[in-house]
Amino acid sequence: MKIGVLALQGAFREHKQKFQELGADAVVIKLQRDLEGIDAIAIPGGESTSIGKLLRQYDLIEPIRERVAQGMPVFGTCAGMIVMANRITGEDVTHLGIMDVEVRRNSFGRQRESFETDLDIPVIGEEPFPAVFIRAPHIEAVGPSVKVLSTYNDRIVAVQQDNLLALSFHPELTGDNRLHAYFLELVKQKSAVGR
Ligand code: GLN
């Protein structure tokens, strides 16, 4: 399995390392040609406006959308989730626009710029997940085919739509590999079906 980690801006090294720890082949994506031969893509946290701008500048929007339309799994964390969303509250722009969710940026208030909390995410098991939130977005609304995986104080913070997985927080910054492993399972199932 070969996972591409979008490396235009943000915390891509940590994602790459997590996938490698789990035994997957992980490569960084900076140019169109880097997309050749990948089975899935991860979009890291960082600054969604910058990531979106660079995606346009490097002509990566359409090639990624095409692959997603053919069923390529995508894992977005924090800014990565914003990049995936079909709608961003109060803004006219969207970036990849591949997931049927509306997200609100920086939604946890100033005094809570960054914090860590234990989240219940039943799909990865009973043990709570140590979630790091940094100027995090939350999900305001989801379409009918989107499954809510976790909430924090009544706000949706983890969602899945078929083989698209998006989180408000940063699983790559903790020692817990379960969400990366969960994503790799989605990729495995997808490649098994495609064969
Ligand atoms: N606040 C950032 C944004 O709106 C996301 C922060 C993050 O990825 N840690 O893009």
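In case you missed it, the structure is sitting above this.
Residues numbered from 1 in each chain as written. Predicted model: local features only at pLDDT ≥ 70, side-chain atom pairs only at ≥ 80, totals over all residues. Heavy atoms only, no water.

### A few points about the site of the ligand
Thought 1: Surrounding the ligand, one finds Gly45, Gly46, Glu47, Ser48, Cys78, Ala79, Ile82, Arg105, Asn106, Ile134, Arg135 and His170.
Thought 2: Between the ligand and Arg105 there is a distance of 2.7 Å, counted from an oxygen atom to a side-chain nitrogen or oxygen.
Thought 3: For the ligand, whose free accessible area comes to 300 Å², the fraction covered by protein is 97%.
Thought 4: For the shell around the ligand, the class distribution of residues is four nonpolar, five polar and three charged. (Near = heavy atom within 4 Å. Polar contact = N/O pair within 3.5 Å; in protein donor to acceptor, adjacent residues only side chain to side chain. Areas by Shrake-Rupley, 256 points an atom, 1.4 Å probe, with all protein chains shown as cover. Nonpolar A, V, L, I, M, F, W, Y, C, P; charged D, E, K, R; others polar.)

### Side note on the pairing of strand S11 (residues 155-161)
A regular strand places its side chains on the two faces of the sheet in alternate fashion.
Thought 1: Of all seven residues in S11, six are buried, a share of seventy percent or more.
Thought 2: Sheet topology note: the strand S10 (residues 147-152)/S11 ladder contains five bridges and is antiparallel. Across the sheet, the residue bridging to Thr151 is Ile156, located in S11.
Thought 3: In this structure, the hairpin formed by S10 and S11 is closed by a connection of two residues, where Asn153 is found at a positive phi of approximately 45°.
Thought 4: Of the strand pairs in this sheet, S11 and strand S12 (residues 164-167) are connected by four bridges, and their pairing is antiparallel. Looking at S12, one finds that Gln161 is bridged to Leu164.
Thought 5: Where S11 folds back onto S12 in an antiparallel hairpin, the turn is made up of two residues, including Asp162, whose phi is positive at roughly 55°. (Buried < 20%, exposed > 50% of the residue type's maximum accessible area, 1.4 Å probe, protein only. Helix = DSSP H or I, 4+ residues; strand = E, 2+ residues; numbered from the N terminus. Pairing = 2+ DSSP bridges.)

Function cannot be read off these values alone, since they describe shape.
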